[in-house]
Amino acid sequence: MKPNKNKRRLQVFLIAILIALVIPSIFTFLGLKQASSHVKSLVAAYKAQNFDSLKKEIGIVRGGLQGADISLGFLFWLRLIPFLGGYYSDAKGLVGAGAEELTAIETIFKTLEPAKSELRFDGNPKSGPERVTQALGILNKLLPVLDKVENNLTKAADKVSNIDTNKYPEKFKGKTVRKNLELAKSFIMGAAKASKEGKEALALAPEALGIGGAKDYLLLFQNDKEIRATGGFMTAYATLTINNGQVSATTSDDIYRLDEKLLNVCLRKICPLTPPAPIVKYLPEMTGKARSAWSMRDSNISPDVPTSARQFEKMYQFLGEGLPFDGIIYIDTQVVESLIEVTGPIDVYGTTYSAETDKRCNCPNVIYELESYAEVAAKGEKDRKAILGVLMQQILARSVGADIEKLPALVETIATLANHKHVMFYMHDTPLQSALAKLNWTGEIKNVDTDYLHINDSNFAGGKSNIYVEQKVTQEINIQKDGTIKKKITIEYKNDQPFGNWLNGINRDYVRFYVPPGSKLISSKGSEDTVNTLEDLKKTVFDAFIQVRPQNSRKLEMEFTSPYQPKGQYKILIQKQPGAKDFRYIIKINGSTKADFKLDTDKEFEFNI
């Protein structure tokens, strides 16, 4: 009898394994196989502009993912297994999110079906510019449907929000893993954000992109390797005309040309251009004399982008040309580098711009070439070429004409650059500016009733050393018995690289700490000049000046009291400086570390106390 009992137990065990592991795994595999095999057909249907096939393939891929998601649900017990459980949860989240996204897309396509002829789904492949015009038409049609799909998109974002992509390898068996996961997560999270917070911007996008009438924008290139208040030293500009979604660059030059024009005008009439005190004090002329005039290239002294934009436009109007543009778009070197990673190398006037590492600077080749261009422009060589407009036009042309497979990466890259303050907008159209502000794409210094911190660095005559300077910021917050807050903020600056020709030199840094209004300075260490207490943008500001030499480090400390009094929870908004690297921040409350993170965008925190 005993052998039979053992045999039956073994049979029961094998059946349990079959039910718990093998069968769900098989159905998961079949669902994923169905989805993946039809993704290529879906892409082919879009390229062929066959609406009916596209709609059909979307349904098949969605069905495959939904089947895989259900099957994965039967493997729930895998969550309990150490190490393996986290990967199972990620897989379940990604598959479920994909199913939700495709359910939303299917809903959208059902709405678009009556307008498929109007949207030119005519069976004829489209060029890049034609695809942009079609996309804007689709956008107009889907706006009324966003409410219907918002729930699906929100569910999808929730499913992937806790995935830590850093635990995955860069590559596995020659295939890119981490970057693709980051792309998928960002795309899913971005879609949810667009459906919630971006409705107004999406509604205004067609008009802003020249549907119904051309729009002109001034593109200002800020060199974040020579950091300034709004993201970098303004090196060059270009005028972009957008008509029916098609972009062309009409003019392009370096910023010194505009300042030469301004100087010529101001020689003939009075221009009220007295420079602000920090520029007089820390940014001398090449001769060593204090500056007596304020140049357009130094107009971005305010960390609030709209304030600096208005100052730039005030100076521009002295040229007597009015404001021949509908707004300003600020970009930095990270924009060019990131887009070139997607589009591939680009040749301008015989120079190749690529994302490959350049040994001359241990930085991407495009960064070296842009810094080299900035150096030539600063010297005022007469035969210098205005490369920015040509480079941006080629990048835009490549982006618009990119293969359909590259479009998700392109969209995600542009959204990430804006979210991380490498692209910012100042629009004359008030509703559009307001809509972009809700997306946090306008670089505004915000007013809040919680604790607040914004650290702003301005490299005054310190070369391109911000390529190499790193920072770590530690906030030590001590809540007193009476409920008031005493804080100490320590910034550790470090430059590991040696002196290097025109790139790496002494970083002359004018530093401002923006903190809640009414804060009182107790003490400071590390500043080479007296720390002043100022009021600006409805904030209290402590300003300091330090110099960070190559292969050296410096510390800057501010200790002060804050009027903010937390009740049960300590809340803080930390705003990132546009153009800045994603520096490390640490928050300690009463000696306990509460957060250790990279400041890649503005962040809000709530801690129980």
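One can find the structure itself at the top, above this paragraph.
Rules of the game
Residues numbered from 1 in each chain as written. Predicted model: local features only at pLDDT ≥ 70, side-chain atom pairs only at ≥ 80, totals over all residues. Heavy atoms only, no water. Disulfide = S-S within 2.5 Å. Buried < 20%, exposed > 50% of the residue type's maximum accessible area, 1.4 Å probe, protein only. Pairing = 2+ DSSP bridges. Helix = DSSP H or I, 4+ residues; strand = E, 2+ residues; numbered from the N terminus. Axes fitted to C-alpha atoms, helices over the stretch in contact; angles between N-to-C directions. Core = buried A, V, L, I, M, F, W, Y, C linked by side-chain atoms within 4.5 Å. Contact = heavy atoms within 4.5 Å. Phe/Tyr/Trp six-rings, centres within 6.5 Å; stacked < 30°, edge-to-face > 60°. Lys NZ or Arg CZ within 6 Å of the ring centre and 35° of its normal.

### Remarks on the state of the cysteines
- By the definition in use, this model includes 2 disulfides.
- Each sulfur of the disulfide joining Cys-266 and Cys-271 lies 2.1 Å from the other. Handedness here is read from the sign of the S-S torsion; for Cys-266 and Cys-271, about -105°, the answer is left-handed.
- Given a relative accessible area of 25%, Cys-266 falls into the partly exposed group.
- For Cys-271, a relative accessible area of 16% translates into the label buried.

### Focus: the sheet that holds strand S20 (residues 569–575)
- Overall, mixed pairing links the 6 strands, which are arranged S17-S18-S15-S12-S20-S23 in an open sheet. The open sheet has two free edges, formed respectively by strand S17 (532–536) and strand S23 (603–608), since each of these has just one partner strand. The average undirected angle you get between the axes of adjacent strands in this sheet is 25°.
- Of the pairings in the sheet, the one linking strand S12 (residues 451–459) to strand S15 (residues 507–515) comprises 6 bridges and is antiparallel in character. Pairing of Ile-455 across the sheet is with Phe-513, part of S15.

### Concerning the sheet that holds strand S13 (residues 469–479)
- Within the open sheet, the 6 strands sit side by side as S16-S19-S14-S13-S21-S22. Their pairing is mixed. Bordering the open sheet on either side are strand S16 (520–525) and strand S22 (592–598), each of which pairs with just one other strand. On average, adjacent strands in this sheet sit at an angle of 15° to one another, irrespective of strand direction.
- Strand direction decides the pairing type here: S16 and strand S19 (residues 552–562), joined by 5 bridges, are antiparallel.

### Comments concerning the nonpolar core
- Grouped together as the largest cluster of nonpolar side chains are 45 residues, with contacts concentrated most on Val-336 and Leu-391.
- The residues touching Val-336, leaving out its near neighbours within four places in the chain, are Phe-221, Val-366, Leu-370, Leu-391, Met-392 and Ile-395.

### Section: the environment of Ile-138
- Assignment of secondary structure puts Ile-138 in helix H4 (residues 128–142).
- Considering only alpha carbons, one finds Ile-138 and Phe-109, 29 residues apart in sequence, at a separation of 9.7 Å.
- The contacts of Ile-138, once residues within four sequence positions are left out, are Leu-112, Leu-119 and Phe-121.

### Overview of the packing of aromatic side chains
- Under the criterion given, the structure shown has 17 aromatic pairs.
- For the ring pair Phe-605 and Phe-607, a centre distance of 5.7 Å and an interplane angle of 10° mean the geometry is stacked. Neither residue differs from the other here; Phe-605 and Phe-607 are each classed as buried.
- If you follow Lys-167 out to its NZ or CZ, it ends over the ring of Tyr-87, 4.7 Å from the centre.
- One cation-aromatic arrangement involves Lys-539 over Tyr-452; the distance from NZ or CZ to the ring centre is 4.5 Å.

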